Amino acid sequence: MSPRARRGPGTVRVARAEFRYLNQEEAQVAIAFDWVAGADKGLGLPRYATPGAAGADLRANLPDRGEIVLAPGARVLVPTGLRIAIPDGFEVQVRPRSGLALKHGITLPNTPGTIDSDYRGPLGVIVMNAGEADFVIAHGDRIAQMVVAPVVRAVFREGPLDETARGAGGFGSTGRG
Ligand SMILES: O=c1ccn([C@H]2C[C@H](O)[C@@H](COP(=O)(O)OP(=O)(O)OP(=O)(O)O)O2)c(=O)[nH]1
């Protein structure tokens, strides 16, 4: 049955991905979280800040409930206190927050960080200070955002490459402007 033909709540498999249908209009991917031992559960699960937000904010969940002072140029793995189970056929991308990037030069050196659907370890965020001043990450701060995305897996083969008009042209071959 196609997703559109479905009327009530339930689940349907589309290719390799399982969607949970809450109603006819709204399809959502169900993602399970669990807490790392000792994590502060009071910080809650990631949340979408607005109805149209693509990313849900991830918070620093620091074992000592303290803070991290990140010097200019330094980077650190910030724990979120979360473990995650992403359905087969999806990934989670961990991305910087634009406000922190603009105001403080805070970025993620591996952006977008890739969370694999079969990963069950602690979810961490690699935060880098590309600004000029120390940056303080306090327990509970929203340090990054996670975006759920579908994954297309390919079959790789060795074989002849088809011809194209572009051919080997690249790296600015079409000029500027
Ligand atoms: O920002 C990130 C990036 C990755 N991971 C976790 C989830 C991911 O599934 C796993 C492996 O990530 P990746 O494949 O990018 O790392 P790798 O350096 O290739 O290591 P591995 O050999 O373990 O795959 O690490 C995070 O918690 N945060």
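Residues numbered from 1 in each chain as written. Predicted model: local features only at pLDDT ≥ 70, side-chain atom pairs only at ≥ 80, totals over all residues. Heavy atoms only, no water.

Section: the overall build of the protein
When helices and strands are tallied, the protein shows one helix and 14 strands. Looking at the protein alone, contacts between residues at least 24 apart form 64% of all its contacts between residues at least 6 apart. With an accessible surface of roughly 11,700 Å², the protein has 53% of that area assigned to carbon and sulfur atoms. (Helix = DSSP H or I, 4+ residues; strand = E, 2+ residues; numbered from the N terminus. Contact = heavy atoms within 4.5 Å. Areas by Shrake-Rupley, 256 points an atom, 1.4 Å probe, with all protein chains shown as cover.)

Comments concerning the sheet that holds strand β8 (residues 75–85)
A sheet is described by the order of its strands in space; here four strands give the open sequence β4-β8-β12-β10, paired in antiparallel fashion. Here the strands that pair on one side only, and so sit at the sheet edges, are β4 (32–35) and β10 (106–107). Taken together, the six bridges between β8 and strand β12 (residues 122–129) define a ladder with antiparallel strand orientation. Paired with V78 across the two strands is V125, which belongs to β12. (Pairing = 2+ DSSP bridges.)

Structural notes on the nonpolar core
If you look at the biggest cluster of nonpolar residues, it comprises 27 residues, and the most contacted ones within it are V78, V125, V127 and I137. For this core, the elements supplying multiple residues, two or more each, are β6 (56–59), β7 (67–70), β8, β9 (90–95), β12, β13 (135–138) and β14 (142–150). Those residues in contact with V78 that lie beyond four places of it in its chain are A60, L62, I68, L123, G124, V125, V127, I137 and I143. (Core = buried A, V, L, I, M, F, W, Y, C linked by side-chain atoms within 4.5 Å. Buried < 20%, exposed > 50% of the residue type's maximum accessible area, 1.4 Å probe, protein only.)

What to know about the confidence of the model for the protein
Chain-level pLDDT for the protein is 90 on average; 85% of the residues reach the 70-or-more range. Note on residues 1–5: pLDDT is under 50 here. Beyond four places in sequence and across chains, it has five contacts. On the interface metric, ipTM, the complex scores 0.98, and its pTM is 0.87. (pLDDT = per-residue confidence, 0-100.)

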